[in-house]
Amino acid sequence: MTVDSTTTSGGPVPSAVVQLLHNNRDWAAKKLNASPDFFHKLASGQQPEILWIGCSDSRVPPTEILQIGSGDAFVHRNIANIIVPSDLSFLSVLQYAVEVLKVQHVIVCGHYSCGGVRAAMGTKRHGLIDNWLQQVKDLHAANLDKLEALPTQEEREDLMCELNALNSFSKVVSTGIIQGAWERGQKVTVHAWCYRLSDGIIRDLGIVADSNISLNEKLGELIAAKTMPEP
């Protein structure tokens, strides 16, 4: 059922929400005008080449910053792009993307100025979310000496955002889903990136995995290089 007025059985609809519905209709009309079979093709199925695993932050919309269209990316997002091996939501998304959609690339993308990472670096209590951020808190504690050796808080936060993305990357790679795909000879590559809000540019964190060969060694070397103070 469509909503054509600013009231429903529950009362008045906020004008901002009504505007969103108008925006949607404008968008649909433009898409149809440009390509009459656009929605027919979307409805017939999806064949995305990438799975994007990122933060829920509203400032990091993957299809916009990658300049790709509807149907081009399967997406999983949560606070601070954290990968918890027991998270059934994440595992379900990953399994469907790899085993059903046959994505070729899994991109783990963190972002600088991440509120979740900042919260995990502090001592203030935030309630329920502290449980979700515990993994980042542990990562921060494990690298505290190296982080504190950096001269500014901004540099410490930037490094933590990168370490968090690399940690999530390693957990994606270690899942039975990715391991099983590689054992079957399926081509799927896992990437670690970090996006900077202040300039809109994605940084490749320098590690790619398409098999188990030397992965742990490469990841260890990369993290060591990022946390080693400059002479």
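Each remark here, short or long, concerns the structure printed above.
Residues numbered from 1 in each chain as written. Predicted model: local features only at pLDDT ≥ 70, side-chain atom pairs only at ≥ 80, totals over all residues. Heavy atoms only, no water.

Visitor: Before we move on, can you summarise the overall build of the chain with the specific residues and values?
Guide: Scanning the chain from terminus to terminus reveals 11 helices and seven strands. On the principal axes, the C-alpha backbone points of the chain span a range of 65 × 45 × 30 Å. Across the 231 residues that make up the chain, the buried fraction comes to 40%. Put simply, 62% of the contacts in the chain that link residues at least 6 apart link residues at least 24 apart. By element, 53% of the accessible surface of the chain is carried by carbon and sulfur atoms, the whole surface being about 13,300 Å². Positive and negative side-chain charges of the chain, numbering 20 and 25 respectively, have mean locations separated by a distance of 4 Å. (Helix = DSSP H or I, 4+ residues; strand = E, 2+ residues; numbered from the N terminus. Buried < 20%, exposed > 50% of the residue type's maximum accessible area, 1.4 Å probe, protein only. Contact = heavy atoms within 4.5 Å. Areas by Shrake-Rupley, 256 points an atom, 1.4 Å probe, with all protein chains shown as cover. Lys, Arg positive; Asp, Glu negative; His and termini not counted. Charge placed at Lys NZ, Arg CZ, Asp CG, Glu CD.)

Visitor: Break down the packing of helix 4 (residues 88-100) against helix 10 (residues 176-183) for me, with residues and values.
Guide: At their nearest, the axes of helix 4 and helix 10 sit 9 Å apart, and the two run at 15 degrees to each other. Classified by the interaxial angle, the pair formed by helix 4 and helix 10 is roughly parallel. In this structure, the crossing between helix 4 and helix 10 has a hand that is right-handed. Residues Leu91, Leu94, Gln95, Val98 and Glu99 of helix 4 lie in contact with helix 10, whose contacting residues are Ile177, Ile178 and Ala181. Grouping the amino acids of the contact of helix 4 with helix 10 by side-chain chemistry returns six nonpolar, one polar and one charged. (Axes fitted to C-alpha atoms, helices over the stretch in contact; angles between N-to-C directions. Parallel < 35°, antiparallel > 145°, perpendicular 65-115°, else oblique. Left-handed = near helix turned anticlockwise from the far one by under 90°. Nonpolar A, V, L, I, M, F, W, Y, C, P; charged D, E, K, R; others polar.)

Visitor: Tell me about unusual backbone geometry, and please be specific about residues and values.
Guide: Backbone geometry at alanine 80 places phi at a positive 65 degrees, although glycine is not the residue there. Turning to its location among the elements, alanine 80 is positioned in the loop between strand 4 (73-78) and helix 4.

Visitor: Describe in detail the side chain of lysine 137, supporting the description with residues and values.
Guide: Along the chain, lysine 137 falls in helix 7 (residues 134-142). Although lysine 137 is buried, it forms no salt bridge, and the closest oppositely charged side chain is aspartate 130 at an N-O distance of 4.0 Å. (Salt bridge = Lys/Arg side-chain N within 4 Å of Asp/Glu carboxyl O.)

Visitor: I'd like a rundown of the packing of helix 7 against helix 9 (residues 153-173), residues and numbers included.
Guide: When two helices pack together, their arrangement is given by the angle between the helix axes and by the axis-to-axis distance. Contact geometry of helix 7 with helix 9 gives a least axis separation of 10 Å together with a crossing angle of 115 degrees. In this structure, helix 7 crosses over helix 9, and the sense of that crossing is right-handed. Along the contact surface, helix 7 presents Gln135, Val136, Leu139 and His140, while helix 9 presents Met160, Leu163, Asn164, Asn167 and Lys171. Of the residues assigned to the contact of helix 7 with helix 9, the class counts are four nonpolar, four polar and one charged.

Visitor: Explain the nonpolar core residue by residue, including any values.
Guide: Counting 48 residues, the largest nonpolar core has Leu51, Val106, Val172, Ile178 and Val190 as the members making the most contacts within it. For this core, the element with the most residues is helix 9, which contributes nine residues. Setting aside residues up to four positions removed in sequence, leucine 51 forms contacts with Phe74, Val75, His76, Val93, Leu94, Ala97, Val103, His105, Val106 and Ile107. Within the second largest apolar cluster, eight residues are counted, among which are Ile50, Ala73, Ile107 and Cys109. (Core = buried A, V, L, I, M, F, W, Y, C linked by side-chain atoms within 4.5 Å.)

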